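Architecture at a glance
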Amino acid sequence: MRTHRQSILKVGFFSNKLRLWGVGGELLGLAALMYVPGLQKVFSTAPLTWQEWAVMALFMPVLLVADEVRKFVLRATTRGPDAKAK
């Protein structure tokens, strides 16, 4: 979530390069925890199956759409000079 009110389509998916690097680093760290044998033993983790990855992939757009709907409702119900432009 980049803003509380503006659509991601207006702000842009890739407009914050530092955040993209952070997300990439986080994904690499999580992959290491799941797939590097030494880290698996230390953290008691196991690799995800392709079915588990598929379930996660299916829910990503659901969360994006739900947040965009929330932002749309917020913009539609708080018009005027008192509305904050976050």
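Residues numbered from 1 in each chain as written. Predicted model: local features only at pLDDT ≥ 70, side-chain atom pairs only at ≥ 80, totals over all residues. Heavy atoms only, no water.

Counting its regular elements, the chain contains four helices and zero strands. Sorting the 86 residues of the chain into buried and exposed places 12% on the buried side. Sequence-distant contacts in the chain: of pairs separated by 6 or more residues, those separated by 24 or more amount to 49%. Here the chain displays about 7,200 Å² of accessible surface, and carbon together with sulfur accounts for 73% of that area. (Helix = DSSP H or I, 4+ residues; strand = E, 2+ residues; numbered from the N terminus. Buried < 20%, exposed > 50% of the residue type's maximum accessible area, 1.4 Å probe, protein only. Contact = heavy atoms within 4.5 Å. Areas by Shrake-Rupley, 256 points an atom, 1.4 Å probe, with all protein chains shown as cover.)

Moving on, we come to helix 2 (residues 17-35). Over its 19 residues, helix 2 extends 27 Å from the first C-alpha to the last, a length consistent with the 27 Å expected when each residue adds 1.5 Å. In this structure N16 caps helix 2, since a side-chain oxygen of it lies 3.3 Å from the backbone nitrogen of L18. (Expected span 1.5 Å × (residues − 1). Polar contact = N/O pair within 3.5 Å; in protein donor to acceptor, adjacent residues only side chain to side chain.)

Residues of the chain with pLDDT of at least 70 account for 90%, and the chain-wide mean is 86. Highest mean pLDDT in the chain belongs to helix 3 (residues 37-43) (94); lowest belongs to helix 1 (residues 8-11) (79). (pLDDT = per-residue confidence, 0-100.)

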